[in-house]
Amino acid sequence: MIPQHHFLPINFPGSLCICPRIRGDDWLEDEIKGFKDLGFAHIVCLLTEDEELLLGLEGQDLLCEKIGISLLKLPVDDRCQPLTHRDFLGRALDILQRLEAGENVAVYSRRGTGRPALFCSSILYFHGIYPEESMEIIESVLGLPSPDSTAQREWILNLENWVEGLSDLLMDSRGLPG
């Protein structure tokens, strides 16, 4: 089974894609195998724990480990901003390093529009793409306004402010001065 996915046309050695939620319960193992078959090394799940349970995804940790894909859980409430900017942006930097190393990454949430746009825009910002442009890229790939919540759009447009106070994070993650 090949999961639904949308590649972002960004010049990384690895590939970055946005996906709507993976199918759970009886379909879960096939979905994760589909990501592996497509060459993905990492899956980023932006669902909350309650959403994972509701959608039948509670076994994804073990299945990802069994199949050989790393799973990063970074829960963000639907239509909301990240609760901890430092952790969220630090994880975005980590994923950027993996993309620059040639590894493929899939990012998903329930609908695959809002929360993945937050995370991917953060990655693209660290890659040198301004927030407005990152939203245009993501919207063109998805064919939908993305993100569709005002709070999330404002967060993306304020990425420079969120990053400004985290120069030590940039030093830690990339080994470069902030």
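The structure presented is a predicted model; accordingly, all values stated were derived computationally and were not measured.

(A) Layout of the pattern of salt bridges. Per the stated rule, a full pass over the model turns up 13 salt bridges. The partner of Asp-148 in a salt bridge is Arg-79, with the nearest N and O atoms 3.1 Å apart. On the criterion of sequence distance, the pair formed by Asp-148 in the loop between helix H6 (131-142) and helix H7 (150-157) and Arg-79 in the loop between strand S4 (70-73) and helix H4 (85-100) is long-range, its members being 69 residues apart. Here Glu-103 makes a salt bridge to Arg-98, at a shortest N to O gap of 4.0 Å. Note on Arg-98: relative accessible area 29%, which makes it partly exposed. Each of Glu-29, Lys-33 and Lys-66 takes part in salt bridges that share partners, so that together they form one network.

(B) Quick peek at the packing of aromatic side chains. What the rule picks out here adds up to 6 aromatic pairs. For the ring pair Phe-88 and Phe-119, a centre distance of 5.4 Å and an interplane angle of 80 degrees mean the geometry is edge-to-face. With Phe-88 in helix H4 and Phe-119 in helix H5 (residues 114-126), this residue pair connects regions lying 31 residues apart in the sequence. Like Phe-88, the residue Phe-119 is buried in the burial classification. Ring geometry for Trp-155 versus Trp-162: centroids 6.2 Å apart, planes at 20 degrees, classification stacked. The exposure class assigned to Trp-155 is buried, which follows from its relative accessible area of 0%. The class of Trp-162 is partly exposed, set by a relative accessible area of 27%.

(C) Just the side chain of Asn-104, in detail. Mapped onto the secondary structure, Asn-104 falls in strand S5 (residues 104-108). Among the polar contacts made by the side chain of Asn-104, one reaches the main-chain amide nitrogen of Ser-15 at a distance of 2.8 Å. Not counting chain neighbours up to four residues away, the residues in contact with Asn-104 comprise Gly-14, Ser-15, Gly-39, Phe-40, Ala-41 and His-42.

(D) Representation of unusual backbone geometry within the structure. Residues Ser-146 and Pro-147 are joined by a peptide bond in cis, for which omega reads 0 degrees. Residue placement: Pro-147 occurs in the loop between H6 and H7. The residue Asp-25 is not glycine, and still its phi comes out positive at about 55 degrees. Structurally, Asp-25 can be placed in the loop between strand S2 (16-19) and helix H1 (28-37).

Thresholds applied
- Residues numbered from 1 in each chain as written.
- Predicted model: local features only at pLDDT ≥ 70, side-chain atom pairs only at ≥ 80, totals over all residues.
- Heavy atoms only, no water.
- Salt bridge = Lys/Arg side-chain N within 4 Å of Asp/Glu carboxyl O.
- Helix = DSSP H or I, 4+ residues; strand = E, 2+ residues; numbered from the N terminus.
- Buried < 20%, exposed > 50% of the residue type's maximum accessible area, 1.4 Å probe, protein only.
- Phe/Tyr/Trp six-rings, centres within 6.5 Å; stacked < 30°, edge-to-face > 60°.
- Polar contact = N/O pair within 3.5 Å; in protein donor to acceptor, adjacent residues only side chain to side chain.
- Contact = heavy atoms within 4.5 Å.

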